[in-house]
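# What the coordinates show
Below, each chain spelled out in residue letters.
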Amino acid sequence: MRIPGKGLVFPLAVLLLWELAARSGYFTSTSLSYPSAILFAGWGLLVDGAMWKATRETFGAALGGMAIGAFFGMIVGIAFGLSRLLASLMRLSTESLRPVPSVALIPLALLIYGYGYRMEIVVVAFACFWPVMIVTEGAVRGIEPRLMEVARALKFPLVARVTKIILPAALPRVFVGLRLAASISLVVAVTVEITTNPIGLGYGLIVAQEGDRADRVFAFLIWIGFLGWLLNALLLRAQRRWFGKFGNWSEAAR
Amino acid sequence: MTLRGPMLWGGSVIVLLLLIGLWQLGSNAGVIPQAFFPGPDRTFETLSDQFWSEEFWLAFSETIRRMFFGFVLASVLGVALGAALGSSPTLREYLEPTLELIRPLPASAVIPVFVLMLGLNERMVLAVIAFGSIWPALLGTVHGFKTVEPRLYEVSRILRLSRLEMIWKIALPNSLPDIFSGLRLALTVSLILAVVTEMLSGAEGLGHNIILAARSFRSADLFAGIVVLGAIGYVTNAVLERVERHVLRWRNS
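Attention here is on the structure that accompanies the text. All values derive from a computational prediction rather than experimental measurement.

### Section: the overall build of chain B
Summing up its helical and strand segments, chain B has 11 helices and 0 strands in all. Along chain B, helices (α) and strands (β) appear in the sequence α-α-α-α-α-α-α-α-α-α-α when read from the amino end. Computed over C-alpha atoms, the radius of gyration of chain B comes to 23 Å, more than 25% over the 18 Å expected from 2.2 N^0.38 for 253 residues, which places it beyond the range of a compact globule. For chain B, the spread of C-alpha atoms along the principal axes amounts to about 75 × 60 × 30 Å. A buried classification covers 45% of the 253 residues belonging to chain B. Restricting to contacts in chain B with at least 6 residues of sequence separation, those with at least 24 account for 72%. Here chain B displays about 13300 Å² of accessible surface, and carbon together with sulfur accounts for 68% of that area. Each charge class in chain B can be summarised by its mean position, and for the 20 positive and 19 negative side chains these summaries are 10 Å apart.

### Quick look at the packing of helix α4 (residues 84-97) of chain A against helix α6 (residues 117-141) of chain A
Residues and elements named next belong to chain A. With their axes 14 Å apart at the nearest point, α4 and α6 run at an angle of 155° to one another. Relative to α6, the element α4 is oriented roughly antiparallel. Here α4 and α6 pass one another in a crossing that is left-handed. Across the interface between the two elements, R84, A87, R91, T94 and L97 of α4 pack against F126, W130, E137 and R141 of α6.

### Notes on the packing of aromatic side chains
Inspection of every chain in the model, using the stated rule, returns 20 aromatic pairs over all chains. Ring geometry for A:F71 and A:F72: centres 5.4 Å apart, planes at 80°, overall edge-to-face. Ring plane angle 70° and centroid distance 5.6 Å describe the contact between B:F68 and B:F69, whose orientation is recorded as edge-to-face. Among the residues examined, B:F69 registers a relative accessible area of 43% and is labelled partly exposed. Three or more aromatic residues joined by ring pairs make a cluster, and in this case those are B:F51, B:W52, B:F56, B:W57 and B:F60. In this arrangement the basic side chain of A:K164 is found over the ring face of A:F156, its NZ or CZ atom lying 5.7 Å from the centre.

About the cut-offs
Residues numbered from 1 in each chain as written. Chains lettered and ligands numbered in written order. Predicted model: local features only at pLDDT ≥ 70, side-chain atom pairs only at ≥ 80, totals over all residues. Heavy atoms only, no water. Helix = DSSP H or I, 4+ residues; strand = E, 2+ residues; numbered from the N terminus. Rg over C-alpha atoms; globule rule 2.2 N^0.38 Å. Buried < 20%, exposed > 50% of the residue type's maximum accessible area, 1.4 Å probe, protein only. Contact = heavy atoms within 4.5 Å. Areas by Shrake-Rupley, 256 points an atom, 1.4 Å probe, with all protein chains shown as cover. Lys, Arg positive; Asp, Glu negative; His and termini not counted. Charge placed at Lys NZ, Arg CZ, Asp CG, Glu CD. Axes fitted to C-alpha atoms, helices over the stretch in contact; angles between N-to-C directions. Parallel < 35°, antiparallel > 145°, perpendicular 65-115°, else oblique. Left-handed = near helix turned anticlockwise from the far one by under 90°. Phe/Tyr/Trp six-rings, centres within 6.5 Å; stacked < 30°, edge-to-face > 60°. Lys NZ or Arg CZ within 6 Å of the ring centre and 35° of its normal.

And the structure:
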């Protein structure tokens, strides 16, 4: 990613104006804090370990949920991708579950599991299931037909067909779905924590807000934004590095 | 393949009915705990009860109203800002890196900031929904403007169109598919944020209803609420797709 000097002008100007306006007493309320105070608050939270603990909790739930959701998403996606008949028979059932907003499941997960990791993981898993399933289905359907013929000629059993032919061939596209799921998992985990679950970064935000600590609210918010950006940047790099030079097999097969 | 079109559709209806039947059987036999999963019979009973209750329709209309106004506000602002950014490379150079940083921010994470600035009220709810849904609309528009066939821009220069004319007559119509895919995402985000803000602020609405139902262990009410929210997600998306097909009908002919 290129970071041109011009791109820095706008955010720096905003920060400077914000700081000056706060210092000159233009804001009468404490509701907005100001950049240097936010920096101090963020530093304090990092030093005393509160931010790290919250980060571990959020990431634990997000990754756990994503792993489960992606696992089932890939299985269902492969099954649907291999059999058009199965996919069209299940179409109405999946399409009637898909529009349910993941946040609507928060109360149900709360009812079943109470507070804690499990309820958060379930909601994240539901949210991550859909993009992985849809992308996998498309990727498997897009596999070069001759590869499948080879598998048939070699009389591969189903498991070998999946692990030796289908997964490697579909992986570049499936990875795009996984990347999408990773950023969704972080968003959903934070949302669950904000609405109900008393752990992690989202809860840290709520506690800071209820204590009228605007500096901490902004510190958490900026940290969450940074983590989301970092996660996406790393996965994008991994994708380019692992699959970039191969080109996209499944795509090229069309 | 031997089955096709209508037969497959019929088949998928039968599969759905079978699954609902299994859910009912499991619930009757006690395999699926009734305390959490009330079974289709009780869920549909609650749904039909709600159909006649004024309270339900009040909550329903409140949620829809928030979602709708937040979405419209976000679409208008998002497309306008996106058009400004998309048609000016200079503006893009200054603002795009900042947008890239804001984009991955979870929309619900800005709620505490808005609560501190505006308080726990209706204005805050609308501001959060609009702020969260504006990004997909804006980024979709920018992307659409960037990928317009460059020769069309040349044509507009030769025709000496003013910038506004160029946007209105050339860039905007050609970016519509990207704009609509941004709007579809914005629509989903607006429903999610309406539900989340209702859960948090206690404002009347379906989000508030389902969290109350969970806290007082009324699983049938909770399930009915989830079904209604799923239906809202489905119908609003279908309406937007209809609008898209209507607006873009000139493209295929």
